[in-house]
Amino acid sequence: MALAAEKAYEVVRTAILDGSYPPGERLGEVELAEALGISRTPIREALRRLEVEGLVEVLPHRGARVTSWSHEDLDEIYELRILLESFAAARAASRISDGELGRMDELRQDMARAVHSGDVERIAACNAEFHGIIRRAASSTRLVTMLNAVIQLPLVLQTFHRYTHEDLQRSVAHHSELVHAFRARDPAWAESVMRSHVLAARRVLAGRSRDEE
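The rules behind these values
- Residues numbered from 1 in each chain as written.
- Predicted model: local features only at pLDDT ≥ 70, side-chain atom pairs only at ≥ 80, totals over all residues.
- Heavy atoms only, no water.
- Helix = DSSP H or I, 4+ residues; strand = E, 2+ residues; numbered from the N terminus.
- Contact = heavy atoms within 4.5 Å.
- Lys, Arg positive; Asp, Glu negative; His and termini not counted.
- Charge placed at Lys NZ, Arg CZ, Asp CG, Glu CD.
- 1 Å grid on protein atoms, 1.4 Å probe; cavity = no way out; pocket = protein on both sides within 12 Å on 5 of 7 lines; lining within 4 Å.
- Points joined across faces, edges and corners; volume = space filled by probe spheres on them.
- Nonpolar A, V, L, I, M, F, W, Y, C, P; charged D, E, K, R; others polar.
- Axes fitted to C-alpha atoms, helices over the stretch in contact; angles between N-to-C directions.
- Parallel < 35°, antiparallel > 145°, perpendicular 65-115°, else oblique.
- Left-handed = near helix turned anticlockwise from the far one by under 90°.
- Core = buried A, V, L, I, M, F, W, Y, C linked by side-chain atoms within 4.5 Å.
- Buried < 20%, exposed > 50% of the residue type's maximum accessible area, 1.4 Å probe, protein only.
- Pairing = 2+ DSSP bridges.

J.: Can you explain the overall build of the chain? Please cite residues and give values.
T.: Scanning the chain from N- to C-terminus turns up ten helices and three strands. Helices and strands appear in the chain in the N-to-C order α-β-α-α-β-β-α-α-α-α-α-α-α. Counting only C-alpha atoms, the chain reaches 55 × 35 × 35 Å along its principal axes. A fraction of 74% describes how many contacts in the chain between residues 6 or more apart in sequence connect residues 24 or more apart. Where the 28 positive side-chain charges of the chain centre and where its 33 negative ones centre are 3 Å apart.

Below is the structure:
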């Protein structure tokens, strides 16, 4: 049973992230069970895990569907991210430690290797840790709380899965420049790069969303 549930989870999760199951798509237990050749119980367990991750919504009396965001949702999320993440980068520039900078440089290099090998999950993991260091270095509990409220991790994951190779290379370049800005202890530079970084992510996701309509 555990193996069947894990298989269902991996298959459905991959299909959501690569766009095979687009936002709003209904995920019927019967249909998924038939497609994967397993019973409905592991499908149900897999959908519960995906709901916890924010990739799936389970609606009363209507079943499960892929989580979706409207254009208005995306605009609001990214406008807030631009303001908050650029402010966090500016604060972090004068507070970040040499140890944190060293770790960020390692993550930047790991991301570059992951882009070369096409390991999107590794890219997303490095990205999450990289930005987590910046948020901690900003030394503001209120700011971190606000950022955690607007950074939708499923949305970030979906964005990476929709990036072209060129998009991923640009993202790595932004991370590299952020490291340089922090080493220079330059808040204005760090703020500017972070703003460009989030704007680029917004443009990719908004473009892909419109292409799917």
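J.: I'd like a rundown of the layout of surface pockets, residues and numbers included.
T.: In this model, the largest pocket occupies a volume close to 270 Å³. Taken together, 18 residues line the largest pocket, and the ones lying closest to its centre are Arg81, Asn127, His131, Ile151 and Val156. Residue assignment for the lining of the largest pocket shows that the elements contributing at least two residues are helix H4 (71-93), helix H6 (120-137), helix H8 (153-162) and helix H10 (187-211). Among the residues making up the lining of the largest pocket, the classes are represented as nine nonpolar, six polar and three charged.

J.: Summarise the packing of helix H1 (residues 2-17) against helix H3 (residues 40-53); cite the residues concerned and give the values.
T.: Between H1 and H3, whose axes approach to 8 Å, the crossing angle comes to 50 degrees. Considering the angle they form, H1 stands oblique to H3. The element H1 and its partner H3 pack so that their crossing is right-handed. In this structure, H1 contributes Ala4, Ala5, Glu6, Ala8, Tyr9, Val12, Arg13 and Ile16 to the contact, and H3 contributes Pro42, Ile43, Glu45, Ala46, Arg49, Leu50 and Glu53. Its residues assigned to classes, the contact of H1 with H3 shows ten nonpolar, no polar and five charged.

J.: Go over the nonpolar core with me, naming the residues and quoting the values.
T.: Within soluble globular proteins, side chains that are nonpolar generally end up buried alongside one another. Ranked by internal contacts, the top residues of the largest apolar core, which has 46 residues, are Ile96, Met104, Ile123, Phe130, Ile134, Phe160 and Phe182. Secondary-structure elements contributing two or more residues to this core are H4, helix H5 (98-117), H6, helix H7 (141-150), H8, helix H9 (165-183) and H10. The element that contributes the greatest number of residues to this core is H4, accounting for nine residues. Every residue in contact with phenylalanine 160, bar those within four places of it in the chain, is listed here: Val120, Ile123, Ala124, Asn127, Leu168 and Ser171. Core analysis: the second largest hydrophobic core is formed by 19 residues, Leu27, Leu32, Leu36 and Leu50 among them.

J.: A description of the sheet that holds strand S1 (residues 26-27) should follow, citing residues and the corresponding values.
T.: Across a sheet, strands are paired by hydrogen bonds formed along the backbone, either parallel or antiparallel in direction. Spatially, the three strands line up as an open sheet ordered S1-S3-S2, and their pairing is antiparallel. The open sheet has two edge strands, S1 and strand S2 (56-59), and neither has a second partner.

J.: Tell me about empty space enclosed by the protein, residues and numbers included.
T.: Scanning the model with the defined rule gives two cavities of 30 Å³ or more in all. Estimates place the volume of the second largest cavity at around 30 Å³. Residue lining of the second largest cavity: Glu85, Ala88, His131, Ile134, Arg135, Leu147 and Met194, and that is the complete set. Mapped onto the lining of the second largest cavity, the elements with two or more residues apiece are H4 and H6. By residue number, the principal contributor to the lining of the second largest cavity is H6, which donates three residues.

J.: Tell me about the side chain of serine 86, and name the residues and values.
T.: One can find serine 86 in helix H4. According to the relative accessible area criterion, serine 86 is buried, its value standing at 5%. Contact partners of serine 86, with chain neighbours within four places excluded, come to Arg81, Glu191, Met194 and Arg195.

Nothing here speaks to function; it is geometry throughout.
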